[in-house]
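Close look at the chain arrangement
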Amino acid sequence: MEEYPNKQATENLDDPPNSRLFVVTSRSITEDELREGFSAFGDIQGVWVVKDKQTKESKGICYVKFAKSSQACLAMEEMHGKVLMEGTKPCKVFIAQSRSSTRHRDVEDEELTRIFVMIPKTFSEEDLKDTFKEYGDIEYCVIIKNKFTGESKGLGYVRYYKPSQAAIAIENCDKTYRAILAEPRTKATVTEDYSAGAPRGDYMGGGDSMNQYAFPMADPGNYQVMDYRSNDFTRCLMMSTRAALTQEQIFALFDIIPGMEYCELQRDAYGMSKGHALIRYSNLGSAVYAKEKLNGFEYPPGNRLVVNFVDDGDDRSSPVGRMAMQFVATQMMSAVWNGPSTSQVMKPPGFSPVSPMSRVQTDVNLPPLKKLAPPDSKTKERLFVVFSPSPLPPDVLEDVFCRFGSLIEVHLVPGRKVGYMKYADKQCADEAMAALHGRVVNGVKMKVMLADPPREESHKRPRTY
DNA sequence: CGACGGGACGC
DNA sequence: CGACGGGACGC
């Protein structure tokens, strides 16, 4: 069949676009070890470890070329923050800049998750979503319309949660849609700085005030008895993320597990936290539990957090100490997985690529799931919800807000941090509001209020039916 | 003869 | 802090 033209065409050039990874890892990692670590995600066309010209030693920088962008994106999403070889630092994984690019900035998920498509002018945003949801979870769809007449220009944007989903859509959707990655919106991109006005530096937590959350699983305090020699072993976790998270977001997330006494964002040279955060708990049990619950958790949705143990500092290079730490950690893990108090099995022993954390983590004692009201139910009450710092995904919201009964629909306002919950029964809505106002779900705080009546736009074009 | 290029967001 | 080698191109 088709022959690969030569090495230049397949490996050097970024063809197809965004199919090459830039990997920052330990200098001890070899080409074979990289190949081994990344081969599960697709067809590797080349691995190149950048070495010092004189000493021939690795500079800790590598490139991994895949046949497809979707493969590279998936590998990035799954491998960022992972420890490639026992005892080495977690790697960082980005889509490589194209070789012709002079820019020296990381390629952001922002640039990899939104596609631009050409669609029939008759398409509604619902149609657009229905067409492209088969390739991945969609954050939102927008159709470009004439500002005055409201008629579609036959162009649309689809934002996915993950780069791999956008890449799969581009690779696999019907060619008539002419799907390409959308250029990022120019100018004032809404990247609020939530750290404004916040105390700088270390967060010395440890107060009990925020630690009274109800948990569906075992109380981590149960493992406190096993916290022997805790000074010799780790209570410290390292969290890796590719999305820019703030100190406050990370703090709020890890503070869900009782016993957090320290949480420090390690900002990179550009001031964003694409690197790591260090979190310490007062006891080993809490640290094990936090790793168990938060490793693999998507926050914000689409951004998989990676949580690893890290030793307490002094003996970082000792293989013996590392082995011992690993051993204890493994024991603790199986205690968590197999222990008597763990009635509901979260996951089997071993490493699983699936998210180990249940979809909803909250300080609310939620009633069980309830069925949605039929879509054609009459709306008797709407709740207006404000999210901070960022909106929760619709499936999570449905999971949470349906539990008081009669929920018809979750509606998020695209591009805003607000949403509406439609209920067929007023009392159900009131109960949801009472239970959920001011509460935190997956690290996102919610204000839940009665919605103002919808504004009637009298001079809007009539419905099409 | 004979069939496909075009394409950008009220922050 | 973390950004780009080695190899050698048709009849």
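Naming follows an unreviewed UniProt entry, where chain A appears as RNA binding motif protein 45 of Seriola dumerili.

This part takes up the overall build of chain A. Secondary structure assignment for chain A yields 10 helices and 17 strands. Within chain A, the fraction of its 465 residues that count as buried is 46%. Within chain A, contacts between residues at least 6 apart in sequence are counted, and of these 69% link residues at least 24 apart. Carbon together with sulfur atoms contributes 53% to the accessible area of chain A, which is approximately 25,000 Å² in total.

Attention now goes to the protein's contact with DNA strand B. Lining the immediate environment of DNA strand B, one finds 15 residues, of which Arg114, Phe116, Tyr157, Arg178 and Arg185 sit closest. By atom count, sugar and phosphate contribute 19% of the portion of DNA strand B lying within 4 Å of the protein. Contact distances for DNA strand B include 2.8 Å between a base nitrogen and a backbone N or O atom of Phe116. Taking Arg178, its side chain carries an N or O atom lying 2.8 Å from a phosphate oxygen of DNA strand B. When contributions to the surface near DNA strand B are tallied by element, the ones reaching two or more residues are strand S5 (114-118) and strand S7 (152-160).

In this section: the pairing of strand S14 (residues 407-412). Here S14 runs beside strand S15 (residues 418-423); their pairing, made up of 5 bridges, is antiparallel. For Leu412, the partnering residue across the bridge sits in S15 and is Gly419. Between the antiparallel neighbours S14 and S15 lie 5 residues, among them Gly415 with a positive phi of about 80°.

An order of S6-S7-S5-S8 is seen for the 4 strands of this open sheet, with the pairing classed as antiparallel. For this open sheet the edge positions go to strand S6 (138-145) and strand S8 (180-181), each flanked by a neighbour on one side alone.

For the rest of this paragraph, the subject is the packing of helix H3 (residues 69-79) against helix H5 (residues 163-172). Their axes nearest at 8 Å, the elements H3 and H5 cross at an angle of 170°. In terms of axis orientation, H3 runs roughly antiparallel to H5. Contact residues: Ser69, Ser70, Cys73, Leu74, Met76 and Glu77 in H3; Pro163, Ser164, Ala167, Ile168 and Glu171 in H5. Tallied by class, the residues present in the contact of H3 with H5 amount to 6 nonpolar, 3 polar and 2 charged.

Burial runs high along strand S3 (residues 58-66): 7 of the 9 residues are buried. Joining the antiparallel neighbours strand S2 (residues 44-51) and S3 is a turn of 6 residues, in which Lys56 adopts a positive phi near 65°.

What follows covers the packing of aromatic side chains. Under the defined criterion, the tally for this structure stands at 7 aromatic pairs. On the basis of an interplanar angle of 55° and a centroid distance of 6.1 Å, the ring pair of Phe132 and Tyr135 is categorised as tilted. Given the relative accessible area of 14%, Tyr135 is considered buried. Taken together, the aromatic side chains of Phe123, Phe132, Tyr135 and Tyr177 make up a single cluster linked through ring pairs. Above the plane of the ring of Tyr157 lies Arg114, whose end atom (NZ or CZ) is 4.1 Å from the centre.

A few words on the side chain of Arg114. Tracing the backbone shows Arg114 in strand S5. The side chain of Arg114 is buried and forms no salt bridge, while Glu110, the nearest opposite charge, is found at 6.4 Å. In terms of polar contacts, Arg114 uses its side chain to reach the backbone carbonyl oxygen of Glu183, at 2.8 Å. Leaving out residues up to four positions away in the same chain, Arg114 has contacts with Tyr140, Tyr157, Val158, Arg159, Ile180, Leu181, Ala182, Glu183, Pro184 and Arg185.

Ranked by internal contacts, the top residues of the largest apolar core, which has 51 residues, are Phe254, Phe401, Met421 and Met446. Looking at this core, the element that brings in the most residues is helix H7 (residues 284-294), giving 6 residues. Each of domain 3 (236-312) and domain 4 (381-450) gives at least three residues to this core. Counting 24 residues, the second largest nonpolar core, distinct from the first, contains Phe38, Cys62, Val64 and Ile95.

Rules used in this analysis
- Residues numbered from 1 in each chain as written.
- Chains lettered and ligands numbered in written order.
- Predicted model: local features only at pLDDT ≥ 70, side-chain atom pairs only at ≥ 80, totals over all residues.
- Heavy atoms only, no water.
- Helix = DSSP H or I, 4+ residues; strand = E, 2+ residues; numbered from the N terminus.
- Buried < 20%, exposed > 50% of the residue type's maximum accessible area, 1.4 Å probe, protein only.
- Contact = heavy atoms within 4.5 Å.
- Areas by Shrake-Rupley, 256 points an atom, 1.4 Å probe, with all protein chains shown as cover.
- Near = heavy atom within 4 Å.
- Polar contact = N/O pair within 3.5 Å; in protein donor to acceptor, adjacent residues only side chain to side chain.
- Pairing = 2+ DSSP bridges.
- Axes fitted to C-alpha atoms, helices over the stretch in contact; angles between N-to-C directions.
- Parallel < 35°, antiparallel > 145°, perpendicular 65-115°, else oblique.
- Nonpolar A, V, L, I, M, F, W, Y, C, P; charged D, E, K, R; others polar.
- Phe/Tyr/Trp six-rings, centres within 6.5 Å; stacked < 30°, edge-to-face > 60°.
- Lys NZ or Arg CZ within 6 Å of the ring centre and 35° of its normal.
- Lys, Arg positive; Asp, Glu negative; His and termini not counted.
- Salt bridge = Lys/Arg side-chain N within 4 Å of Asp/Glu carboxyl O.
- Core = buried A, V, L, I, M, F, W, Y, C linked by side-chain atoms within 4.5 Å.
- Domains from an automatic or database assignment.

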